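Coordinate analysis (summary)
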Amino acid sequence: MASRRRLRRLSSFAALLASFAASGVACAQERPAPRTVELTLTVAPARLSLAPGDTCDAFAFNGQVPGPTLEFREGDHVVVHVHNHLAEPTTIHWHGLHIPASADGSPMRPIPAGASYDYKFTILPGSAGTYWYHPHPDHRTGYQIAKGLYGAIVIRAADDPLAGIPEQVLVLSDNRFTPAGEVDFPPPDSPQGRIDEENGREGPVLFVNGRVMPTIPIRAGEVQRWRLINASAARIYRLALAGHEFLYVGSDGGLFERPVPVKEIVLATGERIELLVRGTGAPGSRAVLQTLAYDRYDPHTRPAGWNVPRDLLALQYSDSAPVTPPALPSRLRAVPALDTSRATAHRYIVFSQGLINGRKMDMNRVDERARLGATEIWQVENVVGMDHPFHLHGFQFQILDRNGVPEPFRAWKDMMDVRGHESARFVVRFDDYPGKWMYHCHILDHEDHGMMGILEVTPTRR
Ligand code: C2O
Ligand code: CU
């Protein structure tokens, strides 16, 4: 966030008040001045078709699953009016956004059943990227997301180097249903509940934007920018598109410095990636985006069929003659390195099964204390055999190395999948926002069962 800090802070609210319709889908006109963007999200039970051909009791944002895609611009002052029409507390966590703790939607600030809350935050310069929003109530995050509460956030920069390239926002999720067609979320003390608690709840039905195996049209020669979000509770995707190589251009906190060509890419829970898909196929042809085998499991809870590739979506080429591919930039933006020599603390976080540093989450305990503005190095060591994807609220970090092997390139991240028996380090700077921040495993079953800690960032005493 070095670049973010250097940039001028936006201090005054613009006169413009953009009030979104109930759909919440944002406007896209260019306006240079900071604006205030106001929208309403109503969280409510709904009878919806989640699994194809069936309806079930779901939870929805503004009646939709996934919730509306929210689009903001750097500099926007955002006000989200949230009405909780559920019969239980909820929150909205704006996963990955660098915003005040009062707006973070952590389990410490529940919105009671029937109540409302206004989330207010500013989108700081440098944060353009792909994020998402989801509830984060104590012990119920996995349940509420499984019932349908998740949605995408796109933040745009005025100087986007990829502006003009057609985009797709693709929210990946999976779910499991009972024979009666309801969301299958077994009690924790049932046999399947115990497996889910250990393994993380996976479902056999895979969704892209709430749909099974949708088709994306493309024309030969065209380039598309895909923003992928993993909203699954536990499933990790290993994505490949037959006959195509991706240009990997961004991750959790936005674009990299340069595009990186890749044949496949791993997307852990909570993570986002941006890819350029180049239409190198022939007119009329079709390619399938698949998730390939990825072994995130402990052997004793590895589910049957874990190693069978699964189809996610079809890319369908039109019959039209190829267009000339657009020129793509070789440099995207600067990602200034956080200065590790300024680190004033080295923290050591141990992930074991369901525990962080041997403890379960306690809302009344502060596990780590840091100074506002401090640069710190965190080492997360996973001492068990399955992956645990680490997430820190409120601050983007840069992964330094994994088992001592330096990361190949710099990226802003709020997620770091820590593989079985891996030890990985990142550097972070606690700019701007004091308060209590969660860090946790983003396997929702692990998080809900207490694999979470609290970091308190405090202003330096004068
Ligand atoms: Cu997306 Cu604390 O989570
Ligand atoms: Cu975990």
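The coordinates are above.
This write-up is about the structure you can find in this document. (Residues numbered from 1 in each chain as written. Chains lettered and ligands numbered in written order. Predicted model: local features only at pLDDT ≥ 70, side-chain atom pairs only at ≥ 80, totals over all residues. Heavy atoms only, no water.)

The 5 strands are arranged β12-β20-β19-β14-β17 in an open sheet whose pairing can be described as mixed. A single partner strand is all that each edge strand has here, and the edge strands are β12 (215-218) and β17 (264-267). When strand polarity is set aside, the average angle formed by the axes of neighbouring strands in this sheet is 25°. Bridging between β12 and strand β20 (residues 310-317) involves 4 bridges; their strand directions are parallel. (Pairing = 2+ DSSP bridges. Helix = DSSP H or I, 4+ residues; strand = E, 2+ residues; numbered from the N terminus. Axes fitted to C-alpha atoms, helices over the stretch in contact; angles between N-to-C directions.)

A few words now on the environment of Y348. Note that Y348 resides in strand β21 (residues 345-352). Sequence-wise, Y348 and M213 are 135 residues apart; in three dimensions their C-alpha atoms are separated by 42 Å. Among all residues touching Y348, those that are not within four sequence positions of it are N357, Q379 and E381. Looking at Y348, its side chain comes within polar contact range of the side chain of E381, at 2.3 Å. (Contact = heavy atoms within 4.5 Å. Polar contact = N/O pair within 3.5 Å; in protein donor to acceptor, adjacent residues only side chain to side chain.)

Once that is clear, we can look at the coordination of the copper ion (ligand 2). In an ideal tetrahedron of four donors about a metal, each angle is 109.5 degrees. In an ideal octahedron of six donors, the angles are 90 or 180 degrees. Ligation of the copper ion (ligand 2) by protein atoms is provided by H388 (ND1), C441 (SG) and H446 (ND1), these donors lying 2.0 to 2.1 Å from the ion. Donor residues for the copper ion (ligand 2) sit on one chain with the sequence pattern H-x52-C-x4-H. Taken together, the residues span a long stretch of sequence, with H388 in strand β25 (residues 388-392) and H446 in helix α4 (residues 444-448) at a distance of 58 residues. By relative accessible area, which is 0% here, H388 ends up buried. Taking the relative accessible area as the measure of exposure, H446 reaches 2% and is therefore buried. (Donors = N, O, S within 2.8 Å, 3.2 Å for Na, K, Ca; no water. Buried < 20%, exposed > 50% of the residue type's maximum accessible area, 1.4 Å probe, protein only.)

The next point concerns the packing of aromatic side chains. Centre-to-centre distance and the angle between the planes together describe a pair of aromatic rings. Here the structure, examined in full by the defined rule, presents 24 aromatic pairs. With a centroid separation of 5.4 Å and an interplanar angle of 40°, the aromatic rings of F390 and F426 are classed as tilted. Of this pair, F390 sits in strand β25 while F426 is found in strand β29 (residues 423-429), placing the two residues 36 residues apart along the sequence. The burial state of F390 is the same as that of F426; both residues are buried. Taken together, the ring pairs connect F351, W378, F390, F395, F397, F426, F430, W437 and Y439 into an aromatic cluster. The ring of Y143 carries the charged tip of R140 above its face, separated from the ring centre by 4.1 Å. One residue, R302, lies across the ring of W306, its end atom 5.3 Å from the ring centre. (Phe/Tyr/Trp six-rings, centres within 6.5 Å; stacked < 30°, edge-to-face > 60°. Lys NZ or Arg CZ within 6 Å of the ring centre and 35° of its normal.)

Our next topic: helix α3 (residues 191-199). Along α3, the positions that sit buried rather than exposed are G193, D196 and N199. Along the axis of α3, the buried residues cluster in a sector spanning 145°; they form a single face. Lining the buried residues of α3 we find α4. Following α3 by one or two positions, G200 has its phi on the positive side, about 90°. (Arc of directions from axis to C-beta.)

Let's shift gears to the environment of R156. Along the chain, R156 falls in strand β9 (residues 151-156). For R156, a relative accessible area of 21% corresponds to the partly exposed category. In this structure the C-alpha to C-alpha distance between R156 and E271, which are 115 residues apart in sequence, comes to 18 Å. For R156, the contacting residues outside a window of four places in its chain are E71, F72, R73, E74, A128, E167 and R227.

Fair warning: the whole summary comes from geometry, so function is off the table for now.
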